[in-house]
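# Observations on the three-dimensional arrangement
Each chain, written out:
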Amino acid sequence: MDSFFSNPVTDWLSGVFTGWGMNPDAAHVLTAFIAILLLITVVMVLDIFLVWTERKIVARFQDRIGPNRLGPFGLIQPFADIIKLIIKENIYPKGVDKIVYNLAPVIMMMSVLLLWAVFPLSPILFGVDLNVGVLYLIGVGSLGTLSIIMAGWSSNNKYALLGAFRQVAVMISYEIPMVVALLIPTILSGSMGINDIVWAQDVWYIVLVPLGFILFLISATAELGRAPFDLTEAESELIAGHHIEYSGMKFGLFYASELLHTFTFGGFIAAFFFGGWRGPGAETYPILGLFYFLIKATIGYWLFGWIKYTLPRIRIDKMMDLNWKFLVPFSFALLVFVALTNALLADFVGSWIYWVGMLLSNLLFGWVTMEILRRRARGEREKVEGVQPVAEGGH
Amino acid sequence: MQTEWMYIGLFLVVGALIPAAAIIVAAILSPRKPNPIKESTYECGIETVGENWVQFKAQYYIFALIFLVFDVETVFLFPWAVSLNQLGMFAVVEGIIFIGILMAGLVYAWRKGMLEWV
Amino acid sequence: MECREKIMTAMQIIFGITAAVMVGSAIMVVTTKNLIHAALWLIVTLFGAAVLFATLNAGFIAVIQVVVYIGAIAILFIFAIMLTRREKGDTGPGLNRGWWLSAVIAVVVFGGLTWLLQGWDGLSKAAPALGPSFDSVGLLAETLVSPEAFVLPFEVASVLLLAALVGAVYIAFQRKGEE
């Protein structure tokens, strides 16, 4: 099978290296190294433009123009920012644990870059087709959690520590609904490989399991630490959370990794629920697949931005309640329900009966959930109103 | 398989090298003029009181414990999800029993008030 | 065959480096005075185990190692350290009176294991090559869930997890009551 590491270009390149008298295996490893270096460089350049996109998006949401001075549409602005970040003074605040302090942003960025190893860019352009791709995603995410703890602890700052621990408590909690949301595409496609999941989506999974998509969107937002779940950057309480003591390039790495993480998750939303690179003609012209995929990933990225700049932050106890008392039971119920309907409709797989059946059963499930929540909310309201009767007709 | 993991290993190395290079380049290019005020802990201009070691409440630990149980559970659920299409209804019932038993644990924790963030 | 031997040598080099890192970090776990540093070194050791699983073609186990041990248990340890210890480092001596006894036991166990394994031919035998279509995850899934294989242990595992959850809640409940 073709992949990012074995295609005509890399075969040619390792042939060249072998021609120079190199051991074939070493040539292969060197080629893979160059391929990865190239991919990561492209990703980092993409990341630079994400800074610009983010600033433009937030500006538009807040009725501003955003960067517009340097270059056309302010496109050169991020490069100016990078130069500024590089030549900023290298400050070590009092009492920091220097090794851990420097390691944290590196691990943070690494955990995001590692996700690109399994990123299904197009039918022939992907890193590694791991057969445990979905679990790999979660494993790499736990490295990110680790780097937040490292940053918060090594900074020698109460607020950093508090922010980091709150963020980690939230991240591990929301990992459960996220894992369950990822189990749903696994059930439908019968594989944990991300590429297999994309290939199995003759009909996008958003059509088959819209509730699974919503579940993944909510838990991924919490996992990314973005608003309304951005406890770590609760400016009014914790200033900037785990990266409060970071400045210069180290802060830049945290910032860049957050944006890249968001974009990557936009891509994974596309891969799991919007058919990845699939679209008309993508199988025959892989470059078209790349185009579709990037469009979908950008839409996913914009969706996260839309959520971030629309909703206010939720308090931590409400967030924990939302997760443990609603999302966790809901996600497991949904998982069982999807497994059940999938098995009941197994005879019709591939026909419209299956698709319509899955969609309708999902909508029914969503409606029942909403109805239960509505009754419960009404009960709560009546309880509160019963304690404090509101005088009618007056203030 | 092994070659795939070799690529992942290479990715890990390069993925760590590039951010590390960014930090090193910044450290070489940037000036360094430390003074005590600049290096003091940032608390919005207020002097730091006491140690930075905050005593955390038991809630963090409890949630981590409950999370651990569910994390291990998902380890079992992934193979289950993969083989669901081949085994059909039998596997579905199996999964329902598996998840049902664990939900009993969640309900127990809920009733004992362990899911409250106070 | 020659290519296979080369892969084996590369594997041996990777194994050697990983094993050295694991042993070194394990020593750091018990010798460092700073508790959080000890936890971080422990994570290095656990990650090394994941690397070893990956080199043994057990991708699923490798990823599970990272998800469960680094993603959950290490975090649990760090939370526990923050919960219980007020002082940053451990100031007492790193050894207690029984250190020589444990050293003797360690040497004896290591010597015994070496002696036992000398007669075992599994160390020199090469593992049978796996076909290109070998699907470890699919096989694992089927053996775990199918009615002919380990379905009962699969269900019993959930009872075990339930017991762990109830136990955790019970202990935490008492702790909460003391506050």
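Residues numbered from 1 in each chain as written. Chains lettered and ligands numbered in written order. Predicted model: local features only at pLDDT ≥ 70, side-chain atom pairs only at ≥ 80, totals over all residues. Heavy atoms only, no water.

### What to know about the overall build of chain B
Helix and strand counts for chain B stand at four helices and zero strands. Helices (α) and strands (β) of chain B occur, in sequence order from the N terminus, as α-α-α-α. Counting only residues that meet the buried cut, chain B has 47% of its 118 residues in that class. Taking the contacts inside chain B whose residues are at least 6 apart along the sequence as the reference set, 64% of them involve residues at least 24 apart. In the form shown here, chain B has an accessible surface area of approximately 5,300 Å², with 70% of it arising from carbon and sulfur atoms. (Helix = DSSP H or I, 4+ residues; strand = E, 2+ residues; numbered from the N terminus. Buried < 20%, exposed > 50% of the residue type's maximum accessible area, 1.4 Å probe, protein only. Contact = heavy atoms within 4.5 Å. Areas by Shrake-Rupley, 256 points an atom, 1.4 Å probe, with all protein chains shown as cover.)

### Quick look at the overall build of chain C
Helix and strand counts for chain C stand at six helices and zero strands. Along the chain direction, N to C, the helices and strands of chain C fall in the order α-α-α-α-α-α. For chain C, the residues scored as buried account for 32% of the 179 residues in total. In chain C, of all internal contacts separated by at least 6 residues, the share reaching a separation of at least 24 is 52%.

### A word on the nonpolar core
Among the nonpolar cores identified, the biggest contains 191 residues, and F216(A), F272(A), W324(A), F332(A), L335(A), F70(B) and W80(B) are the most heavily contacted of them. Broken down by element, this core gets its largest block of residues, 19 residues, from helix α6 (residues 158–189) of chain A. Excluding residues within four positions of it along the chain, F332(A) makes contact with I176(A), V180(A), F70(B), E73(B), L77(B), I99(B) and M103(B). (Core = buried A, V, L, I, M, F, W, Y, C linked by side-chain atoms within 4.5 Å.)

### Some points on the pattern of salt bridges
Residue and element names in this part refer to chain A. The final tally for this structure, using the stated rule, is 11 salt bridges over all chains. In this structure, E258 engages R226 in a salt bridge whose closest nitrogen and oxygen atoms are separated by 3.3 Å. With a gap of 32 residues between them, E258 in helix α11 (residues 248–273) and R226 in the loop between α9 (210–224) and α10 (235–238) connect regions that are remote in the sequence. Both residues of the pair, E258 and R226, belong to the buried class. (Salt bridge = Lys/Arg side-chain N within 4 Å of Asp/Glu carboxyl O.)

### Observations regarding the packing of α11(A) against helix α12 (residues 286–310) of chain A
All names here are of chain A. Taken N-terminus to C-terminus, the directions of α11 and α12 make an angle of 120°; their axes are 7 Å apart at the nearest point. Here α11 is positioned oblique relative to α12, judged by the angle of their axes. In the crossing of α11 with α12, the sense of the turn from one axis to the other is right-handed. Facing E258, L259, T262, F263, F265, G266, G267, I269, A270 and A271 of α11, the residues of α12 in contact are F293, L294, K296, A297, T298, G300, Y301, F304 and K308. Class assignment for the residues of the contact of α11 with α12 results in 11 nonpolar, five polar and three charged. (Axes fitted to C-alpha atoms, helices over the stretch in contact; angles between N-to-C directions. Parallel < 35°, antiparallel > 145°, perpendicular 65-115°, else oblique. Left-handed = near helix turned anticlockwise from the far one by under 90°. Nonpolar A, V, L, I, M, F, W, Y, C, P; charged D, E, K, R; others polar.)

### With respect to the packing of aromatic side chains
Residues and elements named next belong to chain A. A full pass over the atoms with the stated rule returns 36 aromatic pairs over all chains. Here F268 and F272 contribute two aromatic rings whose centre-to-centre distance is 6.0 Å and whose plane-to-plane angle is 20°, an arrangement assigned as stacked. Taken together, the residues F268 and F272, both in helix α11 and four residues apart, mark about one turn of the helix. With respect to burial, F268 and F272 carry one shared label: buried. Summarising the aromatic geometry, the rings of F337 and F365 are spaced 4.8 Å apart at their centres and angled 35° between planes, so their arrangement reads as tilted. Residue F337 is found in helix α13 (residues 316–344), and its partner F365 is found in helix α14 (residues 352–387); the two are separated by 28 residues along the sequence. According to the relative accessible area criterion, F365 is buried, its value standing at 15%. The ring of Y92 has K98 sitting right over it, with the charged end atom 4.5 Å from the ring centre. (Phe/Tyr/Trp six-rings, centres within 6.5 Å; stacked < 30°, edge-to-face > 60°. Lys NZ or Arg CZ within 6 Å of the ring centre and 35° of its normal.)

### A closer look at the interface of chain B and chain C
Contact with chain B, which involves 50 residues of that partner, is made by 52 residues of chain C. Across the contact surface, chain B and chain C share zero salt bridges. Counting only elements with at least two residues in the side of chain B that touches chain C, the list comes to α1 (2–29), α3 (58–87) and α4 (89–111) of chain B. Looking at which element gives the most residues to the side of chain B that touches chain C, the answer is α3(B), with 24 residues. Looking at the side of chain B that touches chain C, its residues break down into 37 nonpolar, eight polar and five charged.

### Describing the interface of chain B and chain A
Facing the 65 residues of chain B at the interface are 81 residues of chain A. Buried surface at the junction of chain B and chain A, summed over both partners, amounts to about 6,800 Å²; 78% is from carbon and sulfur atoms. The largest contributions to the chain B side of the interface with chain A come from Y7(B), F11(B) and F78(B), which together make up 12% of the buried area. Between the two partners, chain B and chain A, sit zero salt bridges. Taken together, the links from chain B to chain A amount to three residue pairs in polar contact (both at pLDDT 80 or more). Taken together, the elements giving at least two residues each to the side of chain B that touches chain A come down to α1, α2 (36–39), α3 and α4 of chain B. With 20 residues, the single largest contributor to the side of chain B that touches chain A is α1(B). Its residues assigned to classes, the side of chain B that touches chain A shows 48 nonpolar, seven polar and 10 charged. (Buried area = accessible area lost by both parts, 1.4 Å probe. Polar contact = N/O pair within 3.5 Å; in protein donor to acceptor, adjacent residues only side chain to side chain.)

### Some details on the packing of helix α2 (residues 24–61) of chain A against helix α3 (residues 77–87) of chain A
To characterise two packed helices, one gives the angle between the axes of the helices and the distance between these axes. All names here are of chain A. One can describe the packing of α2 onto α3 by two numbers: an axis separation of 8 Å at closest approach and a directional angle of 115°. In terms of their interaxial angle, α2 and α3 are classed as roughly perpendicular. Judged by the sense of rotation from one axis to the other, the crossing of α2 with α3 is right-handed. Between α2 and α3, the contacting residues are I48, F49, W52 and R55 on the first element and Q77, P78, F79, D81 and I82 on the second.

### Points about the confidence of the model for chain C
As a note on interpretation, predicted positions should not be read in detail where pLDDT is low. For chain C, per-residue confidence averages 82 on the pLDDT scale, and 83% of positions sit at 70 or higher. This prediction of the complex comes with two scores: 0.88 for pTM and 0.87 for ipTM. (pLDDT = per-residue confidence, 0-100.)

### Details of the side chain of N362(A)
Tracing the backbone through its elements, the reader meets N362(A) in helix α14. Setting aside residues no more than four positions away along its own chain, N362(A) makes contact with L208(A), V209(A), P210(A), L211(A), G212(A), L334(A), F337(A) and V338(A).

### Quick word on the environment of I73(C)
Tracing the backbone shows I73(C) in helix α3 (residues 59–84). Relative accessible area serves as the criterion here: at 19%, I73(C) is assigned to the buried category. Those residues in contact with I73(C) that sit more than four places away from it in its chain are L68(B) and V68(C).

### Quick notes on unusual backbone geometry
Here F73(A), not a glycine, exhibits a phi torsion of approximately 55°, which is positive. By relative accessible area, F73(A) is classed as exposed at 62%. A positive phi angle, close to 75°, is found at N57(C), a residue other than glycine. Take N57(C): it is sitting in the loop between α2 (35–55) and α3.

### Points about the side chain of S25(C)
Residue and element names in this part refer to chain C. Locating S25 in the fold gives a position in helix α1 (residues 2–31). A polar side-chain atom of S25 sits 3.1 Å from the main-chain carbonyl oxygen of M22. Beyond its immediate sequence surroundings of up to four residues, S25 is in contact with W41, V44 and T45.

### Describing the confidence of the model for chain B
Summing up the model confidence of chain B, the mean pLDDT is 81 and the portion of residues at 70 or higher is 86%. Averaged pLDDT values for the elements of chain B fall to 72 in α2(B) and rise to 88 in α4(B).

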